[in-house]
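Spelled out, the chains give:
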Amino acid sequence: LQTNSNDQRTMKLNILALPAVFLGVEAFAPSPLPQQQSSAFRKQSSPPSKLFALNTYARTKWNPRGPSTSGFGSATATSVPYDAIRAELKLLMDNPSWDDGSLAPIFIRLAWHSSGTYDAATGTGGSNGAGMRFATEAADPENAGLEVARAFLEPVKRKFPSISYSDLWILAAYVGLEHTGGPMIPFQPGRMDHPDETYWELKNMSYGRLPAAEKYCCPHLDDSNVSSSLDETGKVKGWEGLCTHVRNEVFYRMGFNDQEIVALLCGGHVYGRCHPNFSGYAGPWVEHPTQFSNEYATDMLEDEWTLVSHGDTWLDEIGAHELRPAPGNRQFVNKVPGKVDDDEPNQMMLLSDMILAWDPSFRYYLEMYAADENKLKNDFGSAFKKLTELGCGF
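All figures in this text were calculated on a predicted structure; none of them were measured in a lab.

Take the overall build of the chain next. In terms of helices and strands, the chain carries 14 helices and 8 strands. With 394 residues in all, the chain has 59% of them scored as buried. Restricting the contact set of the chain to residue pairs at least 6 apart, pairs at least 24 apart contribute 75%. As displayed, the chain has an accessible area near 15,500 Å², and 51% of this comes from carbon and sulfur atoms.

Across soluble globular proteins, nonpolar side chains have a tendency to be buried as a group. With 96 residues, the main nonpolar core has Leu-89, Tyr-296 and Phe-384 as its most contacted residues. A total of 10 residues in this core trace back to one element, the largest contributor, which is helix H6 (residues 165–179). Once residues lying within four places of it in the same chain are set aside, the contact partners of Leu-89 are Leu-153, Val-156, Leu-168, Leu-171, Ala-172 and Val-175.

This brings us to the packing of helix H3 (residues 104–115) against helix H5 (residues 147–159). For the pair H3 and H5, the least separation of the axes is 9 Å and the interaxial angle reads 105°. Classified by the angle between their axes, H3 and H5 sit roughly perpendicular to one another. Here Ile-106, Phe-107 and Leu-110 of H3 come into contact with H5, specifically with Val-148, Ala-149, Arg-150, Phe-152 and Leu-153. When grouped by side-chain class, the residues that make up the contact of H3 with H5 number 7 nonpolar, no polar and 1 charged.

This part covers the sheet that holds strand S8 (residues 348–349). The strand order S6-S7-S8 describes an open sheet built from 3 strands, whose pairing is antiparallel. Two strands bound the open sheet, and with one partner strand each, they are strand S6 (306–309) and S8. In this sheet, S8 lies alongside strand S7 (residues 330–333) in antiparallel orientation, the contact comprising 2 bridges. Across the sheet, Val-333 pairs through a bridge with Met-348, a residue of S8. Its contacts with the sheet put helix H12 (residues 351–358) on S6, S7 and S8, and the angle it makes with S7 is roughly 55°.

The subject of this paragraph is the pattern of salt bridges. Within this structure, the stated rule accounts for 16 salt bridges. Measuring nitrogen to oxygen at the nearest pair gives 2.9 Å for the salt bridge that ties Arg-273 to Asp-100. Of this pair, Arg-273 sits in strand S4 (residues 273–274) while Asp-100 sits in the loop between helix H2 (82–93) and H3, and the two are 173 residues apart along the sequence. Taken as a pair, Arg-273 and Asp-100 share a single burial class, namely buried. One network of salt bridges, in which partners are shared, links Asp-100, Arg-273 and Glu-322.

Packing of H2 against H6 brings their axes to within 9 Å, and their N-to-C directions diverge by 60°. It follows that H2 is oblique to H6 by the angle criterion. Of the two elements, H2 crosses H6, and the hand of that crossing is right-handed. Of the residues in H6, those touching H2 at Tyr-82, Ile-85, Arg-86, Leu-89, Lys-90 and Met-93 are Asp-167, Leu-168, Leu-171, Ala-172, Val-175, Gly-176, Glu-178 and His-179. Its residues assigned to classes, the contact of H2 with H6 comprises 8 nonpolar, 2 polar and 4 charged.

Below, the discussion takes up the side chain of His-245. Tracing the backbone shows His-245 in helix H8 (residues 239–254). Residue classification places His-245 among the buried residues on the basis of a relative accessible area of 1%. If sequence neighbours within four positions are ignored, His-245 has contacts with Leu-210, Pro-211, Ala-212, Lys-215, Tyr-216 and Val-250.

Looking now at helix H10 (residues 295–302). Counting buried residues along H10, 6 of its 8 residues qualify, which places the element largely inside the surrounding structure. Listed in full, the buried residues belonging to H10 are Glu-295, Tyr-296, Ala-297, Thr-298, Asp-299 and Met-300. Of the surrounding elements, those touching the buried residues of H10 are helix H9 (258–268), S8, H12 and helix H13 (360–371).

Let us now look at the pairing of S7. Regular strands have side chains that alternate between both faces of the sheet. Residues Arg-330 and Phe-332 line one face of S7 and the alternating positions Gln-331 and Val-333 line the opposite face, and both faces are buried. As paired strands, S6 and S7 are joined by 4 bridges and run antiparallel to one another. Directly across from Thr-306, in S7, lies its bridge partner Val-333.

Let us look at the environment of Met-132. Among the structural elements, Met-132 can be located in the loop between H3 and helix H4 (135–138). Sequence separation between Met-132 and His-113 is 19 residues; the distance between their C-alpha atoms is 9.1 Å.

This brings us to the environment of Ser-224. Tracing the sequence through the fold places Ser-224 in the loop between helix H7 (199–202) and H8. On the accessibility criterion, Ser-224 (68% relative accessible area) is exposed.

On to the side chain of Glu-147. Here Glu-147 is to be found in helix H5. Take Glu-147: its relative accessible area is 1%, and that puts it in the buried class. Engagement of the side chain of Glu-147 in a polar contact is seen with the backbone nitrogen of Gly-145, the distance being 3.0 Å.

Across the chain, the average pLDDT comes to 84, with 80% of residues at or above 70. Residue range residues 1–74 is modelled with pLDDT below 50. Its contacts to residues more than four positions away, or to other chains, number 189 contacts.

The rules we used
Residues numbered from 1 in each chain as written. Predicted model: local features only at pLDDT ≥ 70, side-chain atom pairs only at ≥ 80, totals over all residues. Heavy atoms only, no water. Helix = DSSP H or I, 4+ residues; strand = E, 2+ residues; numbered from the N terminus. Buried < 20%, exposed > 50% of the residue type's maximum accessible area, 1.4 Å probe, protein only. Contact = heavy atoms within 4.5 Å. Areas by Shrake-Rupley, 256 points an atom, 1.4 Å probe, with all protein chains shown as cover. Core = buried A, V, L, I, M, F, W, Y, C linked by side-chain atoms within 4.5 Å. Axes fitted to C-alpha atoms, helices over the stretch in contact; angles between N-to-C directions. Parallel < 35°, antiparallel > 145°, perpendicular 65-115°, else oblique. Nonpolar A, V, L, I, M, F, W, Y, C, P; charged D, E, K, R; others polar. Pairing = 2+ DSSP bridges. Salt bridge = Lys/Arg side-chain N within 4 Å of Asp/Glu carboxyl O. Left-handed = near helix turned anticlockwise from the far one by under 90°. Polar contact = N/O pair within 3.5 Å; in protein donor to acceptor, adjacent residues only side chain to side chain. pLDDT = per-residue confidence, 0-100.

Written as structure tokens, this is what we have:
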């Protein structure tokens, strides 16, 4: 759920780890590496190799309809070797060239964003179709960076052409969750791919269906005094509007209730990190972003959070450069000016995360999941399965 309309659409990958689909893509110059990475990365993965920033996925030389695919449809379930595909996906998961050593988080995000366009009133959107293969949906600012996930899955699709992209993206997320200690979700196949991008106009699709991290909050005007954005209780001014956006415009629109919303965010944002050159936000939500836990919920309630912007250079001075968002953006960090704690890993929360602690109904469920990881695991699994099956007609 990384969000920003000013995304620079650049990405960094280990050229040696790239799937064949990326060969021959025109490259940009690499952007600087973070001065400090999370403790989870330092402990669990090898040092990164030389990184190259590559052009967007839309310029890669491959057919979005996929190999051996014609028309709108998918192979029958009996003709698809799901066990073999699962085994292939498991081989992809651990990859020291990407972020904190795992592709599971970005596969989970791909499944979420391909599903999160669903609109219950019109029956449009959702994981059916894999519309992100085409330029219009791929260019949604909220989908910035997901070209990486699609590229790493392309060789699997080429090896197993009978599975639809729509099913492959969801199955990859399920396997990623299982591989990282998350819930085991029964997979229901049968999603069908759009043959082309005419669906976008025919179904009156539009941007804005995915959550935006700062929507309706007061404008961020003064980079040198971001604390002026806060009210007397420490909440960002206008947070109620952001809460309405997340609750009503996004999740209620799909048919979720407050408990399911909190379960999805607590289970989904325990994975991965934000990238300034993709979303405009920076850093991981939790210390161990490649394994399932209720750390997101517990840390939000227990840690001290400070609102920062790109102009907060004091973060550099305490070894937390990786937590500075791109210019124009705001986020919360678990740091305090002038205070250095070497035992405290670098973590952040988006404004759209913090509403879970600020809204009374959301907070009730946040506290429940902070106290019971097993319940979170079960409820997140159920809610994620529902999310990834919306609009599929199962």
